[in-house]
Amino acid sequence: MSVNKSVTEFILFGLTQDAGKQKVIFGVFLILYFATLLGNFLIVVTIKTSRTLGSPMYFFLFYLSFADACFSTTTAPRLIVDVLSQEKTISYNECMIQVFGAHFFGCTGIFVLIFMAFGCCIAVCKCLRCTTIMNQHLCGVPVILAWVGPCIHSSAQIFLALRLPFCGPSVIDHYFCDLQPLLKLACMDTSVINLLVVSNSGAICMVSFIILFISYVVILYSLRNHSAEGRRKALSTCTSHFIVVVIFFGPCIFIYTCPPTTFPIDKMVAVFYTIGTPLLNPLIYTLWNEEVKMP
């Protein structure tokens, strides 16, 4: 594997070059970022300290909130600092770290969402045996997979990124480092790498979404045999999870299934899943779940 040393730093174009808009972006995204950290921190602390939130759903929600806070931290601080900075440069090594971090924590969130869906399925289909099936020991296995799997995925992303030769210019038309904007700067035929990106990131998004969709079909089908109160409680928990899935996977599928094609709206879509979704997750889970609001 050849590591490119001809470029030592990149320039991040950001969301806009308009000075007035940059000040607005700084204020808005600073508030959003701190709200994201606060919301996810409160979810983590609430689940950790509560004696009533011991179900598998909240066990996985603990790790989802942690991953969301880390995911947002890989991109938001750089965006906030750069809008007021004269030199929006990022070193080559820091850029590679950002690629790894964004994909690692983003993929961790995907894995946790899948395990949460399985938890919902077991809770609905095998409600009497749910505690036995999804005990703390068995829940620990998916959590390990949720860290190992993303590590493999992110390592593959870095492997592809390190093979890209850059001859200039070094301006990344984005607010953070990712493979798609880096591919546009590479002075080589990137068709094969584009295909690998689709088969890696794009396939993970599509397959995960299909798995989650099937799990909800199973849940809805199984609810027909439950009482009205049981259906209401199950739908309350599963609806919040379904909303999170849609708002996260929609933008991800849009970005990663067609990497050779770029649109002006790509950066705003990326804002939604890197900053918006980690902010919305705590709100959705607290608004739709009485157990979280009143532990």
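All values derive from a computational prediction rather than experimental measurement. Counting from 1, residues in each chain are numbered in the order their sequence is written. Only residues with pLDDT of at least 70 get local features here, since the model is predicted, and only at 80 or more are side-chain atom pairs given and counted; chain-wide, interface and lining totals rely on the full set of residues. Side-chain numbers here rest on the full set of heavy atoms in the structure, without hydrogens or water.

Remarks on the UniProt feature "transmembrane region" (unreviewed entry) in the protein chain
UniProt positions are given in the numbering used here, feature names are shortened, and annotations may be inferred rather than shown by experiment. Mapped onto this numbering, the UniProt entry annotates "transmembrane region" (unreviewed entry) at residues 24-45, 57-80, 100-125, 137-160, 201-223, 235-256 and 268-288. Labels follow the DSSP assignment, with helices taken as runs of H or I lasting at least four residues and strands as runs of E lasting at least two, numbered in each case from the N terminus. Annotated as residues 24-45, this span is 100% helix and 0% strand, and its ends, taken at the C-alpha atoms, are 32 Å apart. This span, residues 201-223, is 96% helix and 0% strand, and a straight line between its end C-alpha atoms measures 33 Å.

Here's the deal with helix α2 (residues 56-82)
In a helix, the anticipated span is given by 1.5 Å times the number of residues less one. Across its 27 residues, α2 extends 40 Å between first and last C-alpha, which sits within 8% of the 39 Å expected from 1.5 Å per residue. Along its length, α2 shows its largest kink, about 35°, at T73, and proline P77 lies within four residues downstream of that point. In terms of burial, α2 is largely enclosed, as 22 of its 27 residues are buried. Consider a residue and the seven residues that end there alongside the seven that start there; fitting an axis to each set, the bend is the angle between those axes. Exposure classes here rest on a 1.4 Å probe applied to the protein chains alone. A residue is buried below 20% of its type maximum, exposed above 50%, and partly exposed in between.

Description of the pattern of salt bridges
Any two side chains of opposite charge can pair, given that their charged atoms come close. Within this document, salt bridges are pairs made up of a side-chain nitrogen of Lys or Arg and a carboxyl oxygen of Asp or Glu, the two lying within 4 Å of each other. Summed over all chains, the structure comprises three salt bridges. For E94, the salt bridge is made with R78, and the minimal N-O distance between the two is 2.5 Å. Separated by 16 residues along the polypeptide, E94 in helix α3 (residues 92-125) and R78 in helix α2 bring together distant segments of the chain. Overall, R78 belongs to the buried group, its relative accessible area being 16%. A single network of salt bridges, built from pairs that share partners, joins R78, D82 and E94.

Some remarks on the packing of aromatic side chains
Between rings of Phe, Tyr and Trp, where Trp is taken as its six-membered ring, a pair exists when centres lie within 6.5 Å; planes separated by under 30 degrees are stacked, by over 60 edge-to-face, and by other angles tilted. Within the structure shown, the criterion is met by 17 aromatic pairs. Each ring, one from Y33 and one from F34, has its centre 5.9 Å from the other, and the planes form 50°; the classification is tilted. In this structure Y33 comes out as buried when scored by relative accessible area, which is 10%. Considering the side-chain rings of F104 and F105, the 5.1 Å spacing of their centres and the 85° angle between planes classify their relative orientation as edge-to-face.

What about the state of the cysteines?
Cysteine sulfur atoms are paired as a disulfide whenever they fall within 2.5 Å. Under the criterion given, the structure shown has two disulfides. Between C95 and C177 runs a disulfide, and the two sulfur atoms are separated by 2.0 Å. Between C95 and C177 the disulfide shows an S-S torsion of about -120°. By sign, it is left-handed. Remark: C177 occurs in the loop between β3 (171-172) and α6 (179-185) and C95 occurs in helix α3; sequence separation between them is 82 residues. No difference in accessibility class separates C95 from C177, as the two residues are buried.

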